[in-house]
Amino acid sequence: MSQLENIQAEYEKFPEVFESVIISTVSAQSIPNASYAPFVMDDSKNIYIYVSGLSTHTKNLYANPHVSVLFIEDEAKSNLIFARRRLSFDCTATLIERETDKWNQIVEQFQGRFGEIIEVLRGLSDFRIFRLIPNEGRFVVGFGGAYHISGDNLHQLVQITGDAEKKQG
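All values derive from a computational prediction rather than experimental measurement.

So, how was this worked out
Residues numbered from 1 in each chain as written. Predicted model: local features only at pLDDT ≥ 70, side-chain atom pairs only at ≥ 80, totals over all residues. Heavy atoms only, no water. Helix = DSSP H or I, 4+ residues; strand = E, 2+ residues; numbered from the N terminus. Buried < 20%, exposed > 50% of the residue type's maximum accessible area, 1.4 Å probe, protein only. UniProt positions renumbered as here; feature names shortened; annotations may be inferred. Phe/Tyr/Trp six-rings, centres within 6.5 Å; stacked < 30°, edge-to-face > 60°. Lys NZ or Arg CZ within 6 Å of the ring centre and 35° of its normal.

Caption draft 1: Expanded view of unusual backbone geometry. Non-glycine residue Ser 30 carries a positive phi angle of around 65 degrees. Among the secondary structure elements, Ser 30 is positioned in the loop between strand S1 (20–26) and strand S2 (32–41). The exposure class of Ser 30 is exposed, given its relative accessible area of 57%. Non-glycine residue Lys 45 carries a positive phi angle of around 75 degrees. When you line up the elements, Lys 45 lands in the loop between S2 and strand S3 (47–52). A relative accessible area of 5% places Lys 45 in the buried class.

Caption draft 2: View of the UniProt feature "domain: Pyridoxamine 5'-phosphate oxidase N-terminal" (unreviewed entry) in the protein. In the numbering used here, UniProt assigns the feature "domain: Pyridoxamine 5'-phosphate oxidase N-terminal" (unreviewed entry) to residues 8–140. Secondary structure content for residues 8–140 is 26% helix and 41% strand, and the end C-alpha separation is 11 Å.

Caption draft 3: Structural context of the packing of aromatic side chains. In total, this model carries 10 aromatic pairs according to the counting rule given. Between the aromatic rings of Tyr 50 and Phe 127, the centroid separation amounts to 5.8 Å while the plane-to-plane angle is 80 degrees, which identifies the pairing as edge-to-face. Taken together, the positions of Tyr 50 in strand S3 and Phe 127 in strand S6 (residues 127–140) put the pair 77 residues apart, joining distant regions of the chain. Of the two residues, Tyr 50 and Phe 127, both sit in the buried class. Members of the aromatic cluster, joined through ring pairs, are Tyr 11, Phe 14, Phe 18, Phe 39, Phe 71 and Phe 139. Directly above the aromatic system of Tyr 11 lies the positively charged group of Lys 45, at a separation of 4.9 Å from the ring centroid. Of note, Arg 113 hangs over the ring of Phe 39, and the distance from its end group to the ring centre comes to 4.8 Å.

Okay, here's the thing in structure tokens:
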């Protein structure tokens, strides 16, 4: 396998080691908020979060559907703190309506992944499921190892080089 093929394989598996994702939202007053949420991901790389309607990030998602997500290597497992492996996506959030077929399908995935707690959350009417649809992203594996991910093909990495950054602006 080539180096790019190895990094591509690592990218495909990277989110699987996480149970939660860091989310960044913005309020209607343009105030940023960083938080986290447990998640499930589908084969198209859509990220589903099951969150309380009372939380700041949920209120922000209603006001502004643009959200950034971050998966980042554990500090304790990183060889170099300045170059932690990380995957980020810029996403658009859409609400999955309660008790629809899609909602039930996603809740079942949460149940399979997180167990009994989902039965409790399912009974709480303020909990919402949002689908975070990636528009583009970036996978960083270390210094000089940054890869762009286009919304046109979320399964393909394109290495970012000094020349590419100059062309992109």
